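Here are the chains, one letter per residue:
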Amino acid sequence: MTFPLTDELMEYVRAAHPRSLRGVEEARQAGGDDFGPVVEMFLTWLTAVRGRQGIVQAVDEFVKFSTEVNLAQARYEADGHYMHKSFAELLADHYSSREAMDDYLWGVFLTNVLWAHHFEICLFYRNRFLAKLPGAEAKIVEIAPGHGGWGVWALHRLAKSRLEGFDISPSSITIAGSVSAAAGVGGRARYELKDALDLAKAPPESADAVINCFLAEHLERPAKLFEVIARLLKPDGRAFVAAGLTAAQVDHIYEFRRESELVKLAEDAGLRMTESFVGSPRRTLPKAKFLPRSMALILAKRKGEFL
């Protein structure tokens, strides 16, 4: 089986960003036989939205984003804390800039498949979460969809499911909508410009599945996020949550240091962790004190104190 878009991406990385090639090759190794099919799926959506030139643009944005992440991690190692502490700072400096957010979201879109530990999370998401969702007609809520790839993948796999996504960024609403249309599932996806944490007022137990990838570390009070998830989930529903730990980025403000912190937030909200996965980059800064890693959790609603 051939993967022409994936080959085109690899050729461009070799030609234009040779210093990034090692990391991309690590992702290929992490993906194994799944690398080609999954990357091709993501690139098919990408090129349907942005045209063939979109691969070049997105790779450039991915390299820029990855470089900024590495610089932020180096500052974190030196300072011992994240750069920003409040959401208000980020809203003014980052989220309100349409141009910056567009570049950022397309760069993040490719981290799913070009960072080895994120590719591993993709496989965990597909094999352990999507494969076990309760029925093909699931009602899915995606909290802060960003580029939309996670929710669109769910719709792609579950032919009769429907999704509602809520994000505070206009760029996210536009890009997620365009990705869902490109994947042929736009008729089953609705995206709304809204602070996702306002879903604390939404009807309870209204979602078969909740998806939330890499938001908790962007919040001042991530406990509220888990409370929203617990409110939305039906008793037999499942949630997929991913978050970064000791992983600095310009828009990370809540510093998780232990995996148990995420588990405790879920448990305090009335949820129970059924499965988890933790991945980290293959390479870290010399003499690093902090190991940047990403943790994914599959959560169920707790029915009693210990059930």
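Above this text is the structure in question.
Predicted model only: the values in this text are computed from it and were never measured.

The next point concerns the sheet that holds strand S3 (residues 189–193). Pairing is mixed in the open sheet, where seven strands are placed in the order S3-S2-S1-S4-S5-S7-S6. Either end of the sheet is taken by a strand with one partner, and the two such strands are S3 and strand S6 (271–279). Adjacent strand axes in the sheet meet at a mean angle of 15°, parallel and antiparallel pairs treated alike. Bridging between strand S1 (residues 139–143) and strand S4 (residues 207–213) involves three bridges; their strand directions are parallel. Note on S4: the bridge partner recorded for valine 141 is valine 210.

Let us look at the environment of serine 86. By the element assignment, serine 86 lies in the loop between helix H4 (53–79) and helix H5 (87–95). Sequence separation of serine 86 and arginine 293 is 207 residues, and the distance between their C-alpha atoms is 22 Å. Excluding its chain neighbours within four sequence positions, the residues that come into contact with serine 86 are Glu220 and Ile253.

With respect to the helices and strands, the residue threonine 246 is situated in the loop between strand S5 (233–245) and helix H11 (259–268). At 2.7 Å, the side chain of threonine 246 forms a polar contact with the side chain of arginine 293. When sequence neighbours within four positions are dropped, the list of residues in contact with threonine 246 reads Gln73, Tyr76, Tyr82, Phe256, Arg257, Phe290, Leu291, Pro292 and Arg293.

In the contact formed by helix H1 (residues 4–16) and H4, the axes pass within 10 Å of each other and the chain directions differ by 50°. The orientation of H1 with respect to H4, classified from their angle, is oblique. Between H1 and H4 lies a crossing whose hand is right-handed. Touching Leu5, Glu8, Leu9, Tyr12 and Val13 of H1 are Ile55, Val56, Val59 and Asp60, all from H4. Grouping the constituent residues of the contact of H1 with H4 by class yields seven nonpolar, no polar and two charged.

Criteria and thresholds
Residues numbered from 1 in each chain as written. Predicted model: local features only at pLDDT ≥ 70, side-chain atom pairs only at ≥ 80, totals over all residues. Heavy atoms only, no water. Pairing = 2+ DSSP bridges. Helix = DSSP H or I, 4+ residues; strand = E, 2+ residues; numbered from the N terminus. Axes fitted to C-alpha atoms, helices over the stretch in contact; angles between N-to-C directions. Contact = heavy atoms within 4.5 Å. Polar contact = N/O pair within 3.5 Å; in protein donor to acceptor, adjacent residues only side chain to side chain. Parallel < 35°, antiparallel > 145°, perpendicular 65-115°, else oblique. Left-handed = near helix turned anticlockwise from the far one by under 90°. Nonpolar A, V, L, I, M, F, W, Y, C, P; charged D, E, K, R; others polar.

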